[in-house]
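Topology and contacts: notes
Below are the chains, spelled out letter by letter.
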Amino acid sequence: MGSLRGGEYGKQVEETSEERVVIRSVDAEEACALLSSGRHQYLDVRMWEDFDKGHVAGARNVPYYLSVTPRAKEKNPHFVRQVAALYTTDEPIIVGCRSGIRSKLATADLVAAGFKNVSNLEGGYLSLLRAANQQPHEP
């Protein structure tokens, strides 16, 4: 199983026994600029119910986990295939979740599957809300 560790210049590097996967990360300010340019797409990897409570305008949702309980997380076995049905491997994609942890894992999976232009959103959707001085909607 791979481990994540800090790399140089804010990049995260995931090491596995077979290869090294470089994960590019962007902060909320950079993500806002990239999304505003219209050249980047936003992939939200939270579960559907969280996505429905609020998300980035124009975002597409492909959950990385199908369920999360205190005891276990059930990973979406079709995650990469579902993303590939929405985006080409060359499209610029910013991957986000609630806080940036799940999106880092999702980004690593996409890079390992051949996606060439994906970036993890550091701090996730919450960082975007903070950058825009908004509060998440509570149920």
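Description of the structure in this document. Just so you know, these numbers come straight off a predicted model, no measurement behind them.

1. Focus: the pattern of salt bridges
This structure, assessed with the given rule, holds four salt bridges. With a shortest N-O distance of 4.0 Å, Lys53 and Asp50 are connected by a salt bridge. You can see Lys53 and its partner Asp50 sitting in helix H2 (residues 48-53), three residues apart, about one turn around the helix.

2. Digging into the packing of helix H1 (residues 28-36) against helix H5 (residues 124-131)
Interaxial distance between H1 and H5 falls to 9 Å at its minimum, and their mutual angle equals 85°. It follows that H1 is roughly perpendicular to H5 by the angle criterion. Only Ser127, Leu128 and Ala131 of H5 make contact with H1, whose side of the interface consists of Ala28, Ala31 and Cys32. Taken together, the residues of the contact of H1 with H5 sort by class into five nonpolar, one polar and no charged.

3. What about the nonpolar core?
Counting 15 residues, the largest nonpolar core has Leu43, Val45, Phe79, Val83, Val95 and Leu110 as the members making the most contacts within it. Put simply, the parts of the chain that give this core at least two residues each are helix H3 (79-86), strand S8 (93-96) and helix H4 (101-112). Other than its neighbours up to four places away in sequence, Leu43 contacts Arg60, Val62, Phe79, Val83, Tyr87, Ile93, Ile94, Val95, Gly96 and Leu110. Counting 14 residues, the second-largest nonpolar core is a separate cluster that includes Ala31, Tyr125, Leu128 and Leu129.

Rules of the game
Residues numbered from 1 in each chain as written. Predicted model: local features only at pLDDT ≥ 70, side-chain atom pairs only at ≥ 80, totals over all residues. Heavy atoms only, no water. Salt bridge = Lys/Arg side-chain N within 4 Å of Asp/Glu carboxyl O. Helix = DSSP H or I, 4+ residues; strand = E, 2+ residues; numbered from the N terminus. Axes fitted to C-alpha atoms, helices over the stretch in contact; angles between N-to-C directions. Parallel < 35°, antiparallel > 145°, perpendicular 65-115°, else oblique. Contact = heavy atoms within 4.5 Å. Nonpolar A, V, L, I, M, F, W, Y, C, P; charged D, E, K, R; others polar. Core = buried A, V, L, I, M, F, W, Y, C linked by side-chain atoms within 4.5 Å. Buried < 20%, exposed > 50% of the residue type's maximum accessible area, 1.4 Å probe, protein only.

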